[in-house]
Amino acid sequence: MDEDQIRSRLRLIRSVVTRNLMRDYVPFPMDRKLASSWASPLKVPRGGDALIYTSYMYQMASVFKSYGRLLPKFGSLASSSIVQGLGARVIKPSDDEMKRASSVLSNAYSLIRASGVEVGYLYEEEPYSGALLLEMGFLDELKEYGKRLLSFFHDKGAKRLIVLDPHTLFTLTYLKREAGFDVSFEHYLDVIKGAKGGGSFVLHDSCVFSRLLDRYSSLRDFIREAGISLSENELVTGKATGTCCGGPLGSLDYELSEGMAKQRAEELKSVNPRVLVMCPICLSQLSPYADVKDLLEVIRHE
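For clarity, every value in this text was computed on a predicted model and none was experimentally measured.

Asks: If you had to explain the sheet that holds strand E2 (residues 160–163) to someone new, which residues and values would you point to?
Replies: Strand order in this open sheet of three strands is E1-E2-E3, and the pairing throughout is parallel. Of all the strands in the sheet, the pair left with one neighbour each is strand E1 (50–53) and strand E3 (184–187). Between one strand and the next, the sheet's axes are offset by a mean angle of 25 degrees, whatever the strand orientation. Relative to E3, E2 is paired through four bridges, and the arrangement is parallel. Looking at the pairing, Leu161 lines up with Phe185 of E3.

Written out as structure tokens, the structure reads:
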């Protein structure tokens, strides 16, 4: 892909994603009832001043990547109501992906509740954080959306958000600093107590969580305290040497993104055949190439 093609794709992504977020609070059309269906069997309360905030990341990680691949084919029609409606019906996570996402989210909710924290959920009203805008460098658009997002949460009476993924956490951290986002938020690892797990893994670090948010050591402390054994190799899993899964590039250059995922999986498997992640994008990227578990698939309340 040459420079002109990259610029053209960036303009298209910015236009479509920003329009959708400002109108519908999601970057691409999706089945929001399907994405929020995990909560109904658990009878998670609707709304409240404390909310579990999924930002649709575990439910829709693979779908976001699919839209990124298809946007250039739609061209100027990408934001039309016909294409948007077709996308929502056709581009969906597989049954297995939704089953896995539901299991992850259900366990997150159970761990939070078992730790004595009462939380609700916004179901199909939940908004996306805007992480894609941040990762693509569309900072002005993100600040504009951040103000809209803040107004939305204020209108819902939200005072506390418990975030499940690194990308949402980093985006809200940015919005707090740059756009006055004043709803309290924290990562689930800072909330849950008494989590226990087992097994031996090599940890693939989320670039966002371990480096940009400087949680490299604290993440390992949590995992080991939970009873999980980690295999380390400084050249593969070091803070300065571990490489990206390629996920954030998926909407810009699918082939490069997949090549990075495959290479990263091979590096990790050279340390331990079982890979542990704590990010839905990393989970989606690496699962085709290795035996991968999310941390929320490994830990349970004691």
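Asks: Provide a residue-level description of the packing of aromatic side chains, including the pertinent values.
Replies: The final tally for this structure, using the stated rule, is eight aromatic pairs. Measuring from ring centre to ring centre gives 6.3 Å for Phe153 and Phe181, while their planes differ by 90 degrees; the resulting arrangement is edge-to-face. Taken together, the residues span a long stretch of sequence, with Phe153 in helix H7 (residues 139–155) and Phe181 in the loop between helix H8 (166–179) and E3 at a distance of 28 residues. For the pair Phe153 and Phe181, one class covers both residues: buried. Taken together, the ring pairs in this structure connect Tyr25, Tyr53, Tyr145, Phe152, Phe153, Phe181 and Phe185 into an aromatic cluster.

Asks: Before we move on, could you go through unusual backbone geometry and cite the residues and values that matter?
Replies: Positive phi, close to 55 degrees, is recorded for Lys43, a residue that is not glycine. Looking at where Lys43 falls in the secondary structure, it is placed in the loop between helix H2 (32–35) and E1. A positive phi is found at Tyr123, a non-glycine position, where the angle reads about 50 degrees. Counting through the fold element by element, Tyr123 comes out in the loop between helix H5 (95–114) and helix H6 (131–135). Overall, Tyr123 belongs to the buried group, its relative accessible area being 8%.

Asks: Give a detailed account of the pairing of strand E5 (residues 200–203), specifying residues and quantitative values.
Replies: In this structure, E5 lies alongside strand E6 (residues 229–231), joined through three bridges in parallel fashion. Each bridged residue has a counterpart across the sheet, and for Ser200 the counterpart in E6 is Ser229. Bridging between E5 and strand E7 (residues 274–277) involves two bridges; their strand directions are parallel. When the bridges of E7 are listed, Leu203 appears paired with Leu276.

Rules behind the numbers
Residues numbered from 1 in each chain as written. Predicted model: local features only at pLDDT ≥ 70, side-chain atom pairs only at ≥ 80, totals over all residues. Heavy atoms only, no water. Pairing = 2+ DSSP bridges. Helix = DSSP H or I, 4+ residues; strand = E, 2+ residues; numbered from the N terminus. Axes fitted to C-alpha atoms, helices over the stretch in contact; angles between N-to-C directions. Phe/Tyr/Trp six-rings, centres within 6.5 Å; stacked < 30°, edge-to-face > 60°. Buried < 20%, exposed > 50% of the residue type's maximum accessible area, 1.4 Å probe, protein only.

These values are about where atoms sit, not about what they do.
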